Amino acid sequence: MTKKKGEAANEDQTKNPNRKIVSLVKSQKEDVKSLKEKEEDLLLDSGTDSDYDGDSLSGSLNSDDFDSDIFDSEDDGSDRETQDGDDGSDDEGELVDSENGEEDGSDDEEGSEQREVAEESDSSEDEVAPRNTVGDVPLEWYKDEKHIGYDISGKKITKKEKQDKLDSFLATMDDSKNWRKVYDEYNDEEVELTKEESKLIRRMLKGEAPHADFDPYAPYVDWFKWDDAIHPLSSAPEPKRRFIPSKWEAKKVVKLVRAIRKGLIKFDKPEEEPNVYLLWGDDSTSDQKSKHLTYIPPPKLKLPGHEESYNPSLEYIPTEEEKASYELMYEEDRPKFIPKRFTSLRSIPAYENALKESFDRCLDLYLCPRVRKKRINIDPESLKPKLPSRKDLRPYPNSCYLEYKGHTGPVTSISTELSGQWIASGSTDGSVRIWEVETGRCLKVWQFDEAVKCVAWNPLPDFPILAVAMGIELVFLNTGLGTDEEQQRIEELLRLDNLPELDEAAAAIAKWVPDEKYGGIKIRHFKNLSYIDWHPRGDYLSAVMPGGETRGVVIHQLSAHSTKRLPIKMRGLPVCTLFHPNHRGIFIIATKKYVRVYNLHKNGEPIKKLETGLREISSMAIHPGGDNLVVGSKEGKMCWFDMDLSSKPYKILKNHPKDITNVGFHRSYPLFATCSEDSTAYVFHGKVYNDLNENPLIVPLEILRGHSSKGGVLDCKFHPRQPWLFTAGGDSVIKLYCH
């Protein structure tokens, strides 16, 4: 058996040379250990009197690095052995066991040593030895051969058959891991990248370290021991040459200067462009264009023709009759040159007008102004703003659906209830009526002695209270709508039992009195009222008295039965007021020329002043978002203000030829309308975007006509829920326009 084992070992040794590699590694390891011991002895002998450690020597031999290089090569060799094939690895195992012929204890010792070598090695386990062993031989040499090289055993590596492009494409589409495959031209095989290798490639493409464990900002490690150090690393003083100019450089500069002065060194002179021009060329191609931006070449003289020849044809020579007709012409229309015929050039006399014509030519060139007039060819249609089609902006009111008749005088004001079921109207005949919107039925009528100026419905759905302004009186009426509980609360609210004591300033302006005729509350002012407006919460009401001057605007609180004078110094006669729909304390007052915004929470502090540029303001309305305002004037102009953008109008529209009586916004649809004394109402699409960088879109939609020319349209209001518009005319008719 031993003989057979020995023969097998000899055969394996001849077939596989890896046995020699293992023995070579062992011998190199022993040499490294001996070198390491010698180096330590040398350091101990020579380092006793030195201030530096052995590790700090930059030129000293580091045995660890040497060992790692050897063990890297050993690991690479072992990896190559393992990847050559399963048969080769089995043969190596049998070879090592048979060659050593040692016991199991010795095998364990060798295994432990190999593990130590693997731990010390820096080589990667993923490195694979190339299958092709031809080295740096270009692969073009094998392009006509059937093989591309030789493997480690000397056998030819045959080329693989190339797939058809369609088959390769279908294979790539079916293979989900195709993006991870790379073709290795050197070994003629496809290599599939692992997940770790793909991660390394991604990190390298991002400019990061290949390994995620690598820390590019690792803390600095101070290798010197500063505690016991007395002297610096180098105590040599700085050399003098670092602080003074270089003598040799100065000599070199002097040498170059002398050579330049003597003419030994000559510089290339810039080439001068020849100052030539085309004698008979066009002046428009000259350099005058580049020198003067507005240069215009002078007009050219008329070139001489056949008639100016000294021997022209007979058809160019005028007859005696033609010459006589020239004398009868005006001097401006008479030809300046009359052709003549001469037998030779010698017989041509001097031209009598030569000096005069040259002088006139010089005057034309010097005195005649030549101005370049830029004419821009623009299509007038392109100047129009690109607006969306009206069909895309539906719904909007465009046709009269219902008429409400019952007033005998012009209807001055209308107001819609929050639910949209009822509408209130006031007329100059002294009557206030409540109408049902869908049927046109008149529900209630209140008759007063004076003409009604303005009506306003309480914005709260639980309190159907109507405020009516006429003359100097402001009346709160109980409409009788709602449930019994709501009626009880309204009766308690409109009952004046214990009136609070008003201050002298407020008492001089208004006085609260019970209305015995209709069971409401009546407030008497010291001047006539022109406009009233409810706060969105339904408890406060602003009243405008144009004749009151500085006391022209007051605010009434219905729940407390009190009147408050604004802590604002009025500048100009007030026209109308508005409460901000979103911010509680913001109050807007429009005078005849300006619109001012105040903060009532901060004692009437002015926030903004809007410059309308109008002759006289007649009305205004605020967008439900609170950032945009529309102002109407008595000259037919309408101004759109973006209060976040500027204090000047964003758009000014001149649509009505006569005074604008009122403007209004819809609560939910992007619609607003204006009405005028010209008996028309204009409906606009006004969309406000949430994006602050985008301007509002204003598109005129419809002109509503239907009222008679008597008095025009005095008021307009939108339905709170539907895209419907109510208009009140001077012909005592209220019209409902629907889509």
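The structure this text deals with has already been given above.
All values reported here derive from a predicted model rather than from experimental measurement. (Residues numbered from 1 in each chain as written. Predicted model: local features only at pLDDT ≥ 70, side-chain atom pairs only at ≥ 80, totals over all residues. Heavy atoms only, no water.)

Caption draft 1: A look at the pairing of strand β8 (residues 431-436). Among the six residues of β8, six are classified as buried, and the element is accordingly described as predominantly covered. Alternating residues of β8 divide into Ser431, Arg433 and Trp435 and Val432, Ile434 and Glu436, and every residue in both groups is buried. Taken together, the five bridges between strand β7 (residues 422-427) and β8 define a ladder with antiparallel strand orientation. Counterpart to Ser425 in the pairing with β8 is Arg433. The hairpin turn running from β7 into β8, its antiparallel successor, is three residues long, and Gly430 in that turn takes a positive phi close to 85 degrees. Inspection of the sheet shows β8 paired to strand β9 (residues 442-447) by five bridges, in the antiparallel sense. For Trp435, the partnering residue across the bridge sits in β9 and is Cys442. (Buried < 20%, exposed > 50% of the residue type's maximum accessible area, 1.4 Å probe, protein only. Helix = DSSP H or I, 4+ residues; strand = E, 2+ residues; numbered from the N terminus. Pairing = 2+ DSSP bridges.)

Caption draft 2: Spatial organisation of the pattern of salt bridges. Under the criterion given, the structure shown has 13 salt bridges. Close ionic contact of Asp360 with Lys356 constitutes a salt bridge, the shortest N to O distance being 3.3 Å. In this pair, Asp360 and Lys356 both sit in helix α11 (residues 354-367), four residues apart, roughly one turn of the helix. The exposure class of Lys356 is exposed, given its relative accessible area of 55%. In this structure, the salt-bridge partner of Glu702 is Arg390, at a minimum N-O distance of 3.1 Å. With Glu702 in strand β30 (residues 697-705) and Arg390 in the loop between α11 and β5 (399-405), this pair connects stretches of sequence that are 312 residues apart. It is possible to trace a salt-bridge network through shared partners that takes in Glu403, Lys405 and Lys735. (Salt bridge = Lys/Arg side-chain N within 4 Å of Asp/Glu carboxyl O.)

Caption draft 3: Structural view of the sheet that holds β5. The antiparallel open sheet is built from four strands, whose spatial order is β5-β33-β32-β31. Each end of this open sheet is capped by a strand with a single partner; those strands are β5 and β31 (713-718). Sheet twist, expressed as the mean angle between neighbouring strand axes with direction ignored, is 20 degrees. As paired elements, β31 and strand β32 (residues 725-729) share five bridges and run antiparallel to each other. Residue pairing in the sheet places Cys716 in a bridge with Thr727 of β32. (Axes fitted to C-alpha atoms, helices over the stretch in contact; angles between N-to-C directions.)

Caption draft 4: Layout of the environment of Glu438. Counting through the fold element by element, Glu438 comes out in the loop between β8 and β9. Taking relative accessible area as the criterion, Glu438 reaches 63% and is therefore assigned exposed. Separated by 37 residues in sequence, Glu438 and Tyr401 have C-alpha atoms that sit 9.9 Å apart.

Caption draft 5: Region of the structure containing the packing of aromatic side chains. One pass over the structure, following the stated rule, counts eleven aromatic pairs. Ring centres of Phe579 and Phe587 lie 5.0 Å apart, and the angle between their planes is 55 degrees; on these two criteria the pair is classed as tilted. Under the relative-accessibility criterion, Phe587 is labelled buried at 0%. Note on Trp640 and Phe665: the rings are 5.7 Å apart at their centroids and 75 degrees apart in plane angle, and the pair reads as edge-to-face. Residue Trp640 is located in strand β25 (residues 637-642), and its partner Phe665 is located in strand β27 (residues 660-665); the two are separated by 25 residues in the primary sequence. Residue Trp640 is classed as buried on the basis of its relative accessible area of 0%. In this structure an aromatic cluster arises from ring pairing among Trp640, Phe665, Phe672, Tyr682 and Phe684. Above the ring of Trp248, the side-chain terminus of Lys247 is found at 5.5 Å from the ring centroid. It is Arg551 that lies over the ring of Phe526; its NZ or CZ is 4.4 Å from the centre. (Phe/Tyr/Trp six-rings, centres within 6.5 Å; stacked < 30°, edge-to-face > 60°. Lys NZ or Arg CZ within 6 Å of the ring centre and 35° of its normal.)

Caption draft 6: Representation of the pairing of β7. The buried count for β7 comes to six of six residues, which makes it a mostly enclosed element. The two faces of β7 match: Trp422, Ala424 and Gly426 on one face and Ile423, Ser425 and Ser427 on the other face are all buried.

Caption draft 7: Structural detail: the side chain of Arg433. With respect to the secondary-structure elements, Arg433 resides in strand β8. No salt bridge is formed by the buried Arg433. Its closest oppositely charged neighbour is Asp429, at 5.6 Å. Excluding residues that lie within four positions of it along the chain, Arg433 makes contacts with Gly406, His407, Ile423, Ala424, Ser425, Cys442, Lys444 and Val445. (Lys, Arg positive; Asp, Glu negative; His and termini not counted. Contact = heavy atoms within 4.5 Å.)

Caption draft 8: Representation of the sheet that holds strand β24 (residues 628-633) within the structure. One open sheet holds the four strands; their spatial order is β23-β24-β25-β26, and the pairing between them is antiparallel. This sheet does not close on itself; its edge strands, each paired only once, are β23 (617-622) and β26 (651-654). Strand-to-strand twist of the sheet, defined as the mean angle between neighbouring strand axes without regard to direction, takes the value 20 degrees. Here β23 pairs with β24 via five bridges, running antiparallel. Each residue of the ladder has a partner; that of Ile622, found in β24, is Leu629.

Caption draft 9: Just unusual backbone geometry, in detail. A cis geometry characterises the amide bond from Arg394 onward to Pro395, with omega recorded as 5 degrees. You can see Pro395 is positioned in the loop between α11 and β5. Even without being glycine, Asn603 reaches a positive phi, approximately 60 degrees. Relative to the elements of secondary structure, Asn603 occurs in the loop between β21 (594-599) and β22 (605-611). Asn603 gets classed as exposed once you look at its relative accessible area, which sits at 57%. Not every positive phi belongs to a glycine, and Ser679 is a case in point at roughly 70 degrees. Secondary-structure assignment places Ser679 in the loop between β28 (671-676) and β29 (680-687). Residue Ser679 is classed as buried on the basis of its relative accessible area, which comes to 7%.

Caption draft 10: Geometry of the nonpolar core. Counting 24 residues, the largest nonpolar core has Leu474, Phe476, Ile521, Ile532 and Leu558 as its most contacted members. Among the secondary structure elements, those contributing two or more residues to this core are β10 (454-457), β11 (465-470), β12 (473-478), α12 (484-493), β13 (510-515), β14 (520-525), β15 (531-534) and β16 (540-544). Every residue in contact with Leu474, bar those within four places of it in the chain, is listed here: Ala467, Val468, Ala469, Ile521, Lys522, Ile523, His525, Leu529, Ile532, Leu541 and His556. Counting 18 residues, the second-largest nonpolar core is a separate cluster that includes Cys576, Val595, Ile622 and Phe641. (Core = buried A, V, L, I, M, F, W, Y, C linked by side-chain atoms within 4.5 Å.)

Keep in mind that these numbers describe shape and distance, not what the molecule does.
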